[in-house]
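Results of the structural survey
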Amino acid sequence: MAGLKTASGDYIDASWELSVAVEELGPEAEPLTLRVTGDVHIGGVMLQIVDKIKVKQNWSDHALWWEQKKLWLLKTNWTLDKYGLQADARLRYTPQHKPVRLQLPNRRMIRVHASFSEPVFRAVAGICRVLSIRHAEELSLLRAPEEKDKKKRKGPVLGTEDDFDLSGVVLPASAEQQPFRGMPAHFSDSPATEACYRMLSVSWTGLSPEHVLKMPRPSNLVEKAQINSRWLSSSRSLMQQDVRENEQLWLRFKYYSFFDLEPKYDAVRITQLYEQARWAVLLEETESTEEEMMVFAALQYHINKLSLSADPTEPAGEQGMDDLDSALSNLQVKLEGGTSTSDMLENLTTIPELKDNLRIFRPRKLTLKGYKQHWVVFKETSISYYKSQEEALGEPVQQLNLKGCEVVPDVNISGQKFCIKLLVPSPEGMSEVYLRCEDEQQYARWMAGCRLAAKGRTMADSTYQSEVQNILSFLQLQRASPDTPAAPDAEAMGTQWLVSPRYQKKFKPKQLTPRILEAHQNVAQLSLTEAKMRFIQAWQSLPDFGISYFVVRFKGSRKDEILGIANNRLIRIDLAVGDVVKTWRYSNMRQWNVNWDIRQVAIEFDEHINVAFSSVSAGCNIVHEYIGGYIFLSTRSTDKGRGLDEELFYKLTGGHEAL
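Residues numbered from 1 in each chain as written. Predicted model: local features only at pLDDT ≥ 70, side-chain atom pairs only at ≥ 80, totals over all residues. Heavy atoms only, no water.

1. Comments concerning the overall build of the protein chain
For the protein chain, the count of helices and strands is 18 helices and 26 strands. Sequence-distant contacts, at least 24 apart, represent 63% of the contacts inside the protein chain between residues at least 6 apart. Entry remark: accessible area of the protein chain is about 31,400 Å², with carbon and sulfur atoms responsible for 49%. (Helix = DSSP H or I, 4+ residues; strand = E, 2+ residues; numbered from the N terminus. Contact = heavy atoms within 4.5 Å. Areas by Shrake-Rupley, 256 points an atom, 1.4 Å probe, with all protein chains shown as cover.)

2. Section: the pattern of salt bridges
All chains considered together, the criterion is met by 31 salt bridges. As a salt-bridge pair, Arg 451 and Glu 467 come within 2.8 Å of each other at their nearest N and O atoms. Within this pair, whereas Arg 451 is found in helix H11 (residues 440-454), its partner Glu 467 is found in helix H12 (residues 464-478), the two being separated by 16 residues in sequence. Judged by relative accessible area, Glu 467 falls into the buried class, the value being 13%. Between Arg 553 and Asp 560 there is a salt bridge whose closest N-O contact spans 2.9 Å. Here Arg 553 falls in the partly exposed class, since its relative accessible area comes to 31%. Looking at Asp 560, the relative accessible area reads 27%, which means it is partly exposed. (Salt bridge = Lys/Arg side-chain N within 4 Å of Asp/Glu carboxyl O. Buried < 20%, exposed > 50% of the residue type's maximum accessible area, 1.4 Å probe, protein only.)

3. Some details on the nonpolar core
Residues Ile 110, Leu 131, Leu 141, Trp 539 and Ile 565 are the most contacted members of the largest nonpolar core, which totals 116 residues. Leave out the neighbours within four places in its chain, and Leu 131 touches Leu 104, Ile 110, Val 112, Leu 166, Phe 187, Leu 200, Leu 251 and Val 268. Counting 35 residues, the second largest nonpolar core, distinct from the first, contains Leu 354, Trp 446, Cys 450 and Leu 475. (Core = buried A, V, L, I, M, F, W, Y, C linked by side-chain atoms within 4.5 Å.)

4. Here we look at the packing of aromatic side chains
Applying the stated criterion to the full structure yields 31 aromatic pairs. Consider the rings of Tyr 255 and Tyr 630, whose centres lie 5.2 Å apart with planes at 80°: the pair is edge-to-face. Of the two residues, Tyr 255 sits in the loop between strand E12 (248-253) and helix H7 (267-282) while Tyr 630 sits in helix H17 (residues 620-633), which places them 375 residues apart along the sequence. Tyr 630 matches Tyr 255 in its accessibility class, with the two residues each being buried. Summarising the aromatic geometry, the rings of Phe 296 and Phe 535 are spaced 4.8 Å apart at their centres and angled 55° between planes, so their arrangement reads as tilted. Of the two residues, Phe 296 sits in helix H8 (residues 290-307) while Phe 535 sits in helix H16 (residues 528-540), which places them 239 residues apart along the sequence. Each member of the pair Phe 296 and Phe 535 is classed as buried. Ring-pair connections join several aromatic residues into one group, and the members of that group are Trp 231, Tyr 255, Phe 550, Tyr 586, Tyr 626 and Tyr 630. Across from the ring centre of Trp 78, 4.9 Å away, lies the NZ or CZ of Lys 75, which sits over that ring. Over the aromatic face of Tyr 626 sits the side chain of Lys 254, whose NZ or CZ is 4.9 Å from the ring centroid. (Phe/Tyr/Trp six-rings, centres within 6.5 Å; stacked < 30°, edge-to-face > 60°. Lys NZ or Arg CZ within 6 Å of the ring centre and 35° of its normal.)

5. A look at H11
End to end, H11 covers 21 Å across 15 residues, agreeing with the expected 21 Å (1.5 Å per residue, within 8%). The element H11 is largely enclosed, with a buried count of 12 among its 15 residues. Among the residues of H11, those classed as buried are Glu 440, Gln 442, Tyr 443, Ala 444, Trp 446, Met 447, Ala 448, Gly 449, Cys 450, Leu 452, Ala 453 and Ala 454. You can read the cap of H11 off the contacts: a side-chain oxygen lies 3.3 Å from the backbone nitrogen of Gln 441, and it is on Asp 439. Downstream of H11 by one or two residues, Gly 456 has phi in the positive range, about 85°. (Expected span 1.5 Å × (residues − 1). Polar contact = N/O pair within 3.5 Å; in protein donor to acceptor, adjacent residues only side chain to side chain.)

6. A word on the sheet that holds strand E25 (residues 600-605)
Pairing is antiparallel across the open sheet formed by seven strands, whose spatial order is E23-E22-E21-E20-E26-E25-E24. Each edge of the open sheet carries a strand with a single partner, namely strand E23 (580-585) and strand E24 (589-595). For this sheet the average axis-to-axis angle between neighbouring strands, irrespective of direction, equals 30°. Looking at chain direction, E25 and strand E26 (residues 609-615) are connected through six bridges and run antiparallel. Bridging from a neighbouring strand, Phe 605 pairs with Ile 609 of E26. Strand contacts of H17: strand E20 (548-554), strand E21 (561-565), strand E22 (569-573), E24, E25 and E26, with the helix running at about 155° to E24, the strand carrying the most contacts. (Pairing = 2+ DSSP bridges. Axes fitted to C-alpha atoms, helices over the stretch in contact; angles between N-to-C directions.)

7. Concerning the environment of Ser 587
By the secondary structure assignment, Ser 587 is in the loop between E23 and E24. On the basis of relative accessible area, Ser 587 is assigned to the partly exposed category, the value being 36%. Taking the C-alpha atoms as reference points, Ser 587 and Phe 605, separated by 18 residues in sequence, lie 8.8 Å from one another.

8. Section: the environment of Leu 512
Here Leu 512 shows up in helix H15 (residues 509-520). For the pair Leu 512 and Met 294, spaced 218 residues apart in sequence, the C-alpha to C-alpha distance is 8.7 Å. The contact partners of Leu 512, leaving out residues within four places of it in the chain, are Met 294, Thr 495, Gln 496, Val 499 and Phe 507.

9. Focus on helix H1 (residues 42-53)
Counted at 1.5 Å a residue, the expected span for H1 with its 12 residues is 16 Å, and the 17 Å between its end C-alpha atoms agrees. For H1, the complete set of buried residues consists of Ile 42, Gly 43, Gly 44, Val 45, Met 46, Gln 48, Ile 49 and Ile 53. On its buried face, H1 is in contact with strand E1 (16-22), strand E2 (32-36), strand E3 (62-66), strand E4 (71-73), helix H2 (80-83) and strand E5 (90-95).

10. Focus: unusual backbone geometry
The backbone phi angle of Asn 246 is positive, close to 65°, even though this residue is not glycine. Relative to the assigned elements, Asn 246 resides in the loop between helix H6 (221-227) and E12.

11. So, the side chain of Asn 522
Along the chain, Asn 522 falls in the loop between H15 and H16. With relative accessibility at 14%, the residue Asn 522 sits in the buried group. A polar side-chain atom of Asn 522 sits 3.2 Å from the main-chain carbonyl oxygen of Gln 476.

12. Regarding the sheet that holds E12
If you walk across this open sheet you meet the five strands as E8-E12-E6-E7-E9, and the pairing is mixed. Where the open sheet ends on each side, the last strands, each with one partner, are strand E8 (139-143) and strand E9 (164-165). Summarising the sheet, strand E6 (residues 97-103) and strand E7 (residues 109-115) pair through seven bridges and their orientation is antiparallel. Bridge pairing links Val 100 to Val 112 in E7. Helix-sheet contacts for helix H3 (residues 120-131) involve E6, E7, E8 and E12, and the interaxial angle to E8 is about 110°.

Remember that the coordinates give geometry; whether it matters functionally is a separate question.
As structure tokens, this is what we get:
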């Protein structure tokens, strides 16, 4: 656009020069200079750029990026004046989609094209479409740890070599995943993309003990909290968060609320979820007992064995899938709220009760008293205990309302110890009560009742029986099988990589192998998909499963503490000893907001309980997004035709007022 000039060559109209760098011309090239006026629209500026550089190519993915404001100028019908652009603006004409290197939950690297102009929430959805992972809202992106944070290690480190490349695959947002030759069609284009699908959907069998030992692992709650400081904001774009082309990012399941897991459609999703669970166990991010570790090792050994000959293009076998129904329903972790079929069922039936002799222990300071026998009645969501059955008509010794309590298993199969640790909310904090059961059957019934009561549900809930069966099946996995036949391939495959470093140090391979093979007898009949689902289910049953930690400072407190954020509750934890101090459930939350000036989260619960804290280990927005994200996921519907309300997600996770 040419302005009017005087005889001396000066412009006398309102036009001015705009500087635009074009990436295709190379880093050394001088920026283009365009003469514009404030009423020129963005689309007109882009036409001028293309005319001026005279390079014939498809420019449809290009857009203007305003460097100083960290803003994409995507509204092409807006004028420069409307955007507030002036002559000092530095613009870049650059593609909206750029390659990034992703470390997947299975620790393998893959190169994909990601949107740098849309919010990360939508960019992750695009990535997951290419990777064939449903329910992308459960995943997000973290920054990789800086090189200086990584300890110097000798030898190969998992996840740093042999990239797989899907950067040539770009799927439109509306693209349906059409299968072809047993895999999504875009994976069948070449041997390289087929190999990529195998990597995504079949567990890698080339691990060694060294791989596990060399991976950085958190040694305390503070280090676990530091991991969560690296999450990217879901409501801002990659470009706005200074992510560069070909930068390494981590793709992980962020929210532990796995919806509608379906083996028929979720080969990649189940495998990657299993891998994230496996690494959480191996790197001790989720604590497990010795017996539980042997079960996880046996399941890994079985999955490893079947994966060697697995064909990812074969559909998941229907046989045995019926047995997974309870596991699938158990995996659909959702928050309380709304009228569900189980609530309707509760209104129509008599609520079952449990009555039995149990031994009870209440730890108190300066006491050495142990367990005492009591007659215990479990009715609705409360437990009452009496000195004897005869006194059950009178006043109980104590009544515990379990709604909102923490339920922690304390089991040792070989020692015949079946305990339930209850942390019950009280005005002073959490009061601790232990229930000791006689056997597995009694333990499973009472444990299932306690877990439901903690969520505000009774034993009339339709999931009670399946919960009892899930507990019994997990106990059965931990039970040793006599007369274990020798498996000659066990030594060859190696067993040390199947356990965390703590147990690698504790046991020699000759001690580990028989223990793992013993546990393997209980899972040897499972199919590959069933074994992965069973591993995920066992991971979910661990006491500290699905808790994301943050170092925070509560209002009125002089010391740092830990805030645990789970899919249905917030947990206040003592930083020094790791004990739970208090629990608050989302179902009791009335409203919450963030004071961005002082970076403080304030939450109001029922009964005028107010909680306020500032985040020490991570940005306030990350904590805010976690809480809002879980509330958002609780609104998901099983109605296939109903999509996600993306605007609600941004309102709950990115705004100043959430509710």
